[in-house]
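# Coordinates in review
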Amino acid sequence: KDRGAAVGVRREVDADGRVTMKPVKKGVRDFTFGRILGEGSYSTVYLATDRQTLREYAVKVLEKKHIIKEKKIKYVNIEKNTLNRLTEHPGIVRLYYTFQDETSLYYVLDLCTGGELLGVLKKTGTFDVECTRFYGAQILDAIDYMHSRGIIHRDLKPENVLLDEQMHVKITDFGTAKLLRDPRDPRPPEETPGQSGEDDERAASFVGTAEYVSPELLTDKSASTASDIWAFGCIIYQLLAGRPPFKAGTEYLTFQKIVKLEYEFPHGFPSAARDLVERCLVLDPAQRFTVEHIKKHEFFAGQMFGKELWRMKAPRLRPYV
Ligand SMILES: C[C@@H](Nc1nc2c(c3cc(-c4cn[nH]c4)ccc13)C(=O)N=C/C2=C\CC1CC1)C(C)(C)C
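Described in the following lines is the structure provided in the data block. (Residues numbered from 1 in each chain as written. Predicted model: local features only at pLDDT ≥ 70, side-chain atom pairs only at ≥ 80, totals over all residues. Heavy atoms only, no water.)

Moving on, we come to the overall build of the protein chain. A tally of helices and strands in the protein chain yields 11 helices and 12 strands. The C-alpha radius of gyration computed for the protein chain amounts to 21 Å, which stays within 12% of the reference 20 Å derived for 321 residues, consistent with globular compactness. Looking at the 321 residues of the protein chain, the share that counts as buried comes to 49%. Within the protein chain, residue pairs in contact and separated by at least 24 positions form 63% of the contacts whose partners lie at least 6 positions apart. Accessible surface for the protein chain amounts to roughly 16,100 Å². Of this, 53% is attributable to carbon and sulfur atoms. Between the mean site of the 49 positive side-chain charges and the mean site of the 46 negative ones, the protein chain shows a separation of 3 Å. (Helix = DSSP H or I, 4+ residues; strand = E, 2+ residues; numbered from the N terminus. Rg over C-alpha atoms; globule rule 2.2 N^0.38 Å. Buried < 20%, exposed > 50% of the residue type's maximum accessible area, 1.4 Å probe, protein only. Contact = heavy atoms within 4.5 Å. Areas by Shrake-Rupley, 256 points an atom, 1.4 Å probe, with all protein chains shown as cover. Lys, Arg positive; Asp, Glu negative; His and termini not counted. Charge placed at Lys NZ, Arg CZ, Asp CG, Glu CD.)

Right, here's the structure in full:
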């Protein structure tokens, strides 16, 4: 039963004139669907307008029979539970409500009119230090919030970093997230349903996108918050260099470079950024920088985090030359 939050109430008067307020759920008919914004492996994201309020949203549509055939029901539940846990942070795409009809599931989410960070990066080629600091800080702030809510993204990459109309960051695509025990959940671990740990077949089968996957995910299948820090290091490198640190002709060769830490910096790569990347791209997750270390690193000297950061005006995008 789909219990997405009811989004309105309707008055009902019974025979004796007693008035009751009934929750009303939105449905497909309440939206006018527009163009396709993006296509995931099991979903399509459309631009859609709420016909009552005329507000624009992104609506992610998942086809039920495709999900069942591909045995992805677990991923769908993980994504919904994750999005429902990550509600009050400006750097995370927000899920407003969900509903379904006989063929599909619908998630109504923030519209990010700036599109994917990857697309913007491809246009400018590279980001200069000021832009890399701003976008790096917003991505780090969102990672910090996710981890504080017991969620590991596991597939962070420039395609999953979206931009809203103020060109601020909105992290998305949580179908492959790992939900640690919810720190607020008072029940003892054995009583927490399913996702507190990681069910084996999901752990064994899942690996993120080749260029950003951490070495520990390739060697002993274990993902931790440090896996998101590895991806963060790859993203900082890519913003300044215009390409990811580990990229080879095939996925297998890319994995080889990762586990052997085989990468180098282009000439002229800024030294503070280089030092930061080198402390994120550490093979041993226990030796890798944490969010706290990164916030204190000279590359982010003077950079505000938290509420102030999200009030800042996004810098004009300039390439690093
Ligand atoms: C990464 C994702 N692409 C996208 N996902 C979302 C978009 C989105 C918007 C544009 C866009 C907007 N204007 N121009 C382009 C391009 C790609 C988008 C959005 O606005 N709101 C929520 C989204 C996703 C939320 C859902 C995962 C929970 C894939 C490729 C997986 C479909």
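A few words on helix α9 (residues 271-280). For α9, the set of buried residues is Ala272, Ala273, Leu276, Val277 and Cys280. End-on, the buried residues of α9 take up no more than an arc of 135°, which puts them together on one face. Turning to α9, the residues buried within the fold contact α7 (225-241) and α10 (291-296). (Arc of directions from axis to C-beta.)

Among the nonpolar cores identified, the biggest contains 75 residues, and Ile139, Ile171, Phe232 and Ile294 are the most heavily contacted of them. Contact partners of Ile139, with chain neighbours within four places excluded, come to Leu117, Val161, Val169, Ile171, Phe232 and Ile235. Counting residues in hydrophobic clusters, the runner-up holds 10 residues, among them Ala48, Val61, Phe99 and Tyr106. (Core = buried A, V, L, I, M, F, W, Y, C linked by side-chain atoms within 4.5 Å.)

Now for empty space enclosed by the protein. The final tally for this structure, using the stated rule, is 2 cavities of 30 Å³ or more. Estimates place the volume of the largest cavity at around 70 Å³. Counting residues per element, the lining of the largest cavity draws most heavily on α7, which supplies 3 residues. (1 Å grid on protein atoms, 1.4 Å probe; cavity = no way out; pocket = protein on both sides within 12 Å on 5 of 7 lines; lining within 4 Å. Points joined across faces, edges and corners; volume = space filled by probe spheres on them.)

Turning our eyes to something else, we now look at the environment of Lys80. Following the sequence through the fold, Lys80 ends up in helix α2 (residues 73-85). Each C-alpha atom, one on Lys80 and one on Leu109, is 11 Å from the other, the two residues being 29 residues apart in sequence. Of the polar contacts made by the side chain of Lys80, one reaches the side chain of Thr98; its length is 3.5 Å. (Polar contact = N/O pair within 3.5 Å; in protein donor to acceptor, adjacent residues only side chain to side chain.)

What follows is about the sheet that holds strand β11 (residues 169-171). Strand order across the open sheet formed by 3 strands is β8-β10-β11, with antiparallel pairing between neighbours. Two strands lie at the open edges of the sheet, namely β8 (115-116) and β11, each paired on one side alone. Here strand β10 (residues 161-163) runs beside β11; their pairing, made up of 3 bridges, is antiparallel. Across the sheet, the residue bridging to Leu163 is Val169, located in β11. The strands touched by helix α4 (residues 129-148) within the sheet are β10 and β11, with β11 carrying the most contacts at an inclination of about 35°. (Pairing = 2+ DSSP bridges. Axes fitted to C-alpha atoms, helices over the stretch in contact; angles between N-to-C directions.)

In this section: the site of the ligand. Contacts to the ligand come from 23 residues, most closely from Leu37, Ala58, Asp110, Cys112 and Thr172. Backbone polar atom of Asp110 to a nitrogen atom of the ligand: 2.9 Å apart, as the coordinates give it. At a separation of 3.4 Å, a nitrogen atom of the ligand approaches a polar backbone atom of Thr113. Against a free-state accessible area of 650 Å², the protein chains account for coverage of 91% of the ligand. (Near = heavy atom within 4 Å.)

Let us now look at the side chain of Asn160. Along the chain, the position of Asn160 falls in the loop between β9 (151-152) and β10. Only 2.7 Å separates the side chain of Asn160 from the backbone oxygen of Asp155, close enough to count as a polar contact. Setting aside residues no more than four positions away along its own chain, Asn160 makes contact with His153, Asp155, Lys170, Ile171, Thr172 and Asp173.

Under the 1.5 Å per step criterion, the end-to-end length of α7 is 25 Å for 17 residues, consistent within 8% with the ideal 24 Å. Extensive coverage of α7 is indicated by the burial of 15 of its 17 residues. Two residues or fewer past α7, Gly242 is found with a positive phi of approximately 85°. (Expected span 1.5 Å × (residues − 1).)

In total, this model carries 17 aromatic pairs according to the counting rule given. Here the aromatic rings of Phe299 and Phe300 are separated by 5.1 Å at their centres, their planes lie at 75°, and the arrangement is edge-to-face. Both residues of the pair, Phe299 and Phe300, count as buried. Site record: aromatic cluster; members linked through ring pairs are Phe31, Phe33, Tyr46, Tyr57, Tyr96, Phe99 and Tyr106. The ring of Tyr96 carries Arg55 above its face, with NZ or CZ at 5.5 Å from the centroid. (Phe/Tyr/Trp six-rings, centres within 6.5 Å; stacked < 30°, edge-to-face > 60°. Lys NZ or Arg CZ within 6 Å of the ring centre and 35° of its normal.)

Next up on the list: the pattern of salt bridges. Under the counting rule described, the total for this entry stands at 20 salt bridges. The shortest N-O distance in the salt bridge between Lys60 and Glu79 comes to 2.9 Å. Of this pair, Lys60 sits in strand β5 (residues 56-63) while Glu79 sits in helix α2, placing them 19 residues apart in sequence. Accessibility assignment for this pair places Lys60 and Glu79 in one class, buried. Of the charged contacts in the structure, one is a salt bridge between Asp110 and Lys170, with a shortest N-O distance of 3.9 Å. Of the two residues, Asp110 sits in the loop between β7 (104-109) and β8 while Lys170 sits in strand β11, which places them 60 residues apart along the sequence. (Salt bridge = Lys/Arg side-chain N within 4 Å of Asp/Glu carboxyl O.)

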